[in-house]
Amino acid sequence: QVQLVESGGGLVQPGGSLRLSCVLSGTIFNFYDMGWYRQAPGKQRELVAEIDRVGITNYADSVKGRFTISRDNAKNTAYLQMNSLKFEDTAVYYCKAVRYDGDTDWGQGTQVTVSS
């Protein structure tokens, strides 16, 4: 059974940093493109960053230069390093895994709150 588990969220002050982790289990990690999405209250879920199976990355304009997505295939884990956090980064962050045939799984989400 495929399972995605996110961790690393929390409360941080503006300008601070957090690193989110997403562990994919029950399948072969190398088969998947990985992505981070977020959803703020009253807003639609939006793409934050994605990394494909060969390591090519893509970022939302709002996070370019501040966030870095990476993956460790040996650990079945995708990461989102978030620096210079802003109030508007507050959201629930979700991990998404898309297999080569289009099969998609989502994690349960982790809350990130940027507040002074």
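Definitions and limits used
- Residues numbered from 1 in each chain as written.
- Predicted model: local features only at pLDDT ≥ 70, side-chain atom pairs only at ≥ 80, totals over all residues.
- Heavy atoms only, no water.
- Helix = DSSP H or I, 4+ residues; strand = E, 2+ residues; numbered from the N terminus.
- Contact = heavy atoms within 4.5 Å.
- Phe/Tyr/Trp six-rings, centres within 6.5 Å; stacked < 30°, edge-to-face > 60°.
- Buried < 20%, exposed > 50% of the residue type's maximum accessible area, 1.4 Å probe, protein only.
- Pairing = 2+ DSSP bridges.

Visitor: What is the right way to look at the environment of V12 in this model?
Guide: Looking at the element boundaries, V12 is found in strand β2 (residues 10-12). Counting along the chain gives 101 residues from V12 to T113, while the straight-line C-alpha distance between them is 6.3 Å. Aside from chain neighbours lying at most four places away, what touches V12 is S17, L18, L85, T113, V114 and S115.

Visitor: What should I look at first to understand the packing of aromatic side chains in this one?
Guide: The description of an aromatic ring pair rests on the distance of the ring centres and on the angle between the ring planes. As enumerated under the stated definition, the model contains two aromatic pairs in all. Ring centres of F31 and Y100 lie 5.2 Å apart, and the angle between their planes is 90 degrees; on these two criteria the pair is classed as edge-to-face. Taken together, the residues F31 in the loop between β3 (18-25) and β4 (32-39) and Y100 in the loop between β9 (91-99) and β10 (104-106) connect sequence positions 69 residues apart. The class for F31 is partly exposed, based on a relative accessible area of 34%. The class for Y100 is exposed, based on a relative accessible area of 51%. When the centroid spacing of 5.1 Å and the interplanar angle of 70 degrees are considered together, the rings of Y37 and W106 count as edge-to-face. Taken together, the positions of Y37 in strand β4 and W106 in strand β10 put the pair 69 residues apart, joining distant regions of the chain.

Visitor: Sorry if this is basic, but what is going on with the pairing of strand β1 (residues 3-7) here?
Guide: On a regular strand, each side chain points to the face opposite its neighbour's, so the side chains alternate between the two faces of the sheet. Residues of β1 alternate between two faces, with L4 and E6 buried on one and Q3, V5 and S7 left unburied on the opposite face. Here β1 pairs with β3 via five bridges, running antiparallel. Each bridged residue has a counterpart across the sheet, and for Q3 the counterpart in β3 is S25.

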